Amino acid sequence: MAISVSHVRDTVVAYLQRRPAELEVLQPVLDRLAGGVDVTDRSDFAGHVTTSGVVVNDADEVLLIHHRASGRRIQPGGHCELSDRTLVAAVRREIAEETGITALEPLCGGEPVQIDVHSIEARPDRGEPAHHHIDVRYVFRTRGAPTLTLQLEEVAGAEWCGPSQLGDPVLRARVLDVLGRPREDRPAEEDPYGTLVVITNRAGEVLMHLRDDKEGIWAPGTWAPLGGGAEPADADPHATGVRELQEEVGLTGIELTPMFRVDSDGYPVYVLHGRWDGDPDTLVLSEGTDLAFLASTDFDRLPMNASVKQDTRRVLDLITPKPAPHR
């Protein structure tokens, strides 16, 4: 039993309730569904449904595959099959077949982030005329470091990339929104930079909070130092760091030293360092679910964003006294 016409119709209708401006593009699809047409049938060259999935790792990178047939670098996906019962099942199967990844947590409440209608060139070698794909696109998160097992007859390679490398500008903007990242079309003065404030104690441990595990924020469910994005009233990254410490945990009077700046997929982040030897249990955490001083030996056993881990270790290396050379 294939995916039912009613399931596809319900998916499109629910999507349009969230994005009514796209009705004009998707009305022909609704008209065909109203006539009982199985739009998942790939032999229907009036236009048929495909599915694709943006897979996001703990570092907020997306997985792009090198698709042999199209020669493009795109998110995994493909046609529906008779064994699929739902569109989500179809995209999960395609991701598993093409990349080997099966452990996927749906984002956006499991609803499509985009339904895109685009043209496909004719393939005379396959007897396929030019037609349209109605691509239903989902976003998933995968945890840890998944091993990639590529479907070599269709996939020439794969790589983890910053989400700004997604080819479709609409999909790119929506995925950045899902991840709580500034979009490239957002005016610079609205969110020009971020800060990462690495607070250490005399033992060399780092004050970190466990971020909320919810959609719409950056690196959910991971441990990270304090910090955040600039606000219009902030004079500079130092002012942003001071404000974030006060807002997130009530820390004031901490002397912050600028360490370095990094580029996080086109978004500048200023890394600052400060010292505090107090007890985290005396602080009131306003964002996240836990707060603790963590040793660098804890970093690999806890969920952490890869770039945050790297930047924090770089700070620890910079502030650690180096032994005098032997004479």
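Our subject is the structure that appears above.
Throughout what follows, the structure given in this document is the object of discussion. Just so you know, the residues in each chain are numbered from 1, in the order the chain's sequence is written. Side-chain atom pairs in this predicted model are given and counted only at pLDDT of 80 or more, local residue features only at pLDDT of at least 70, and totals for whole chains, interfaces and linings cover all residues. To get the side-chain values, all heavy atoms of the structure are used, and hydrogens and water are removed first.

We now examine the environment of Asn305. The secondary structure listing takes helices from DSSP runs of H or I that are at least 4 residues long and strands from runs of E that are at least 2 residues long, numbered from the N terminus. Counting through the fold element by element, Asn305 comes out in the loop between strand 14 (290-294) and helix 6 (306-319). Only protein chains enter the area calculation, which uses a 1.4 Å probe; residues under 20% of their type maximum are buried, those over 50% are exposed, and those in between are partly exposed. Look at Asn305 and you get buried, because its relative accessible area is 1%. Taking the C-alpha atoms as reference points, Asn305 and Thr257, 48 residues apart in sequence, are found 23 Å from one another. What makes two residues a contact is simply this: any of their non-hydrogen atoms within 4.5 Å. Ignoring anything within four residues of it in the chain, the contact list for Asn305 reads Asp58, Ala59, Asp60, Trp218, Ala219 and Thr222. Among the polar contacts made by the side chain of Asn305, one reaches the main-chain carbonyl oxygen of Ala59 at a distance of 3.4 Å. In protein, a polar contact means a hydrogen-donor-capable atom and an acceptor-capable atom, both N or O and within 3.5 Å, with residues adjacent in sequence counting only if both atoms are side-chain atoms; elsewhere, any N or O pair within 3.5 Å suffices.

This part covers empty space enclosed by the protein. Buriedness of a pocket was judged along seven lines, with at least five required to meet protein on both sides within 12 Å; pockets are open sets of points on a 1 Å grid over the protein atoms alone, cavities are sets where a 1.4 Å probe fits but cannot get out, and lining residues have an atom within 4 Å of a point. Grid points are joined across faces, edges and corners, and a volume is the space filled by probe spheres set on the points. Within this structure, the stated rule accounts for one cavity of 30 Å³ or more. Its boundaries defined by the atoms lining it, the largest cavity holds a volume of some 40 Å³. Lining the largest cavity, in full, are Val242, Leu245, Leu251, Thr252, Gly253, Ile254 and Leu256.

With that settled, consider the nonpolar core. Generally speaking, nonpolar side chains in soluble globular proteins are found buried as a group. As used in this record, nonpolar core signifies buried Ala, Val, Leu, Ile, Met, Phe, Trp, Tyr and Cys residues forming a set joined through side-chain atoms within 4.5 Å. Residues Val8, Val12, Leu26, Val49, Leu87, Ile95 and Ile115 are the most contacted members of the largest nonpolar core, which totals 25 residues. Broken down by secondary-structure element, the contributors of at least two residues to this core are helix 1 (5-18), helix 2 (23-34), strand 1 (48-56), helix 3 (87-99) and strand 7 (131-141). Core analysis: the second largest hydrophobic core is formed by 22 residues, Ala224, Leu294, Phe299 and Val315 among them.

The contact between helix 1 and helix 2 brings their axes to 10 Å, and the two run at 160°. Taken together, the axes of helix 1 and helix 2 are roughly antiparallel relative to one another. Note on packing geometry: the crossing formed by helix 1 with helix 2 is left-handed. Contacts from Val5, Val8, Arg9, Val12, Val13, Tyr15 and Leu16 in helix 1 reach Leu23, Leu26, Leu30 and Leu33 in helix 2. A fitted line through C-alpha atoms represents every axis, and for helices the fit uses only the stretch in contact; the resulting angles, taken between N-to-C directions, go from 0 to 180 degrees. Each angle gets one of four labels, with under 35 degrees taken as roughly parallel, over 145 as roughly antiparallel, 65 to 115 as roughly perpendicular, and the rest as oblique. Crossing handedness follows the turn of the near helix against the far one: under a right angle anticlockwise gives a left-handed crossing, and clockwise gives a right-handed one.

Before going further, it helps to examine unusual backbone geometry. Of note, the phi angle at Cys108 is positive, near 60°, even though the residue is not glycine. Looking at where Cys108 falls in the secondary structure, it is placed in the loop between strand 5 (105-106) and strand 6 (114-120).

Quick look at helix 1 now. Here a helix's expected span is defined as the number of its residues, less one, multiplied by 1.5 Å. Counted at 1.5 Å a residue, the expected span for helix 1 with its 14 residues is 20 Å, and the 20 Å between its end C-alpha atoms agrees. Within the sequence span of helix 1, burial applies to Val8, Thr11, Val12, Tyr15 and Leu16. Each buried residue of helix 1 sits inside an arc of 130° when the element is viewed along its axis, so together they form one side. On its buried face, helix 1 is in contact with helix 2, strand 1, helix 3, strand 6, strand 7 and helix 4 (169-178). By definition, the arc is the one covered by directions from the helix axis to the C-beta atoms.

Bringing the side chain of Thr222 into the picture now. With respect to the element layout, Thr222 can be found in the loop between strand 10 (206-210) and strand 11 (223-229). Among residues more than four places away in sequence, those in contact with Thr222 are Arg143, His209, Leu210, Arg211, Pro303, Met304 and Asn305.

The next thing to look at is the packing of aromatic side chains. Each aromatic ring pair is specified by the distance between its two centres and by the angle formed by the two planes. In this scheme Phe, Tyr and Trp rings, the latter by its six-membered ring, pair at centre separations within 6.5 Å, and the angle between planes marks the pair as stacked below 30 degrees, edge-to-face above 60, and tilted otherwise. Summed over the entire model, instances satisfying the criterion amount to three aromatic pairs. Summarising the aromatic geometry, the rings of Tyr193 and Tyr270 are spaced 5.5 Å apart at their centres and angled 85° between planes, so their arrangement reads as edge-to-face. Highlighted residues: Tyr193 in the loop between helix 4 and strand 9 (194-200) and Tyr270 in strand 13 (residues 267-275), separated in sequence by 77 residues. Looking at Tyr193, the relative accessible area reads 10%, which means it is buried. You can call Tyr270 partly exposed: its relative accessible area is 26%. Judged by centre distance (6.1 Å) and plane angle (25°), the ring pair of Trp276 and Phe293 falls under stacked. Of this pair, Trp276 sits in the loop between strand 13 and strand 14 while Phe293 sits in strand 14, placing them 17 residues apart in sequence. Classification of Phe293 as buried rests on a relative accessible area of 15%.

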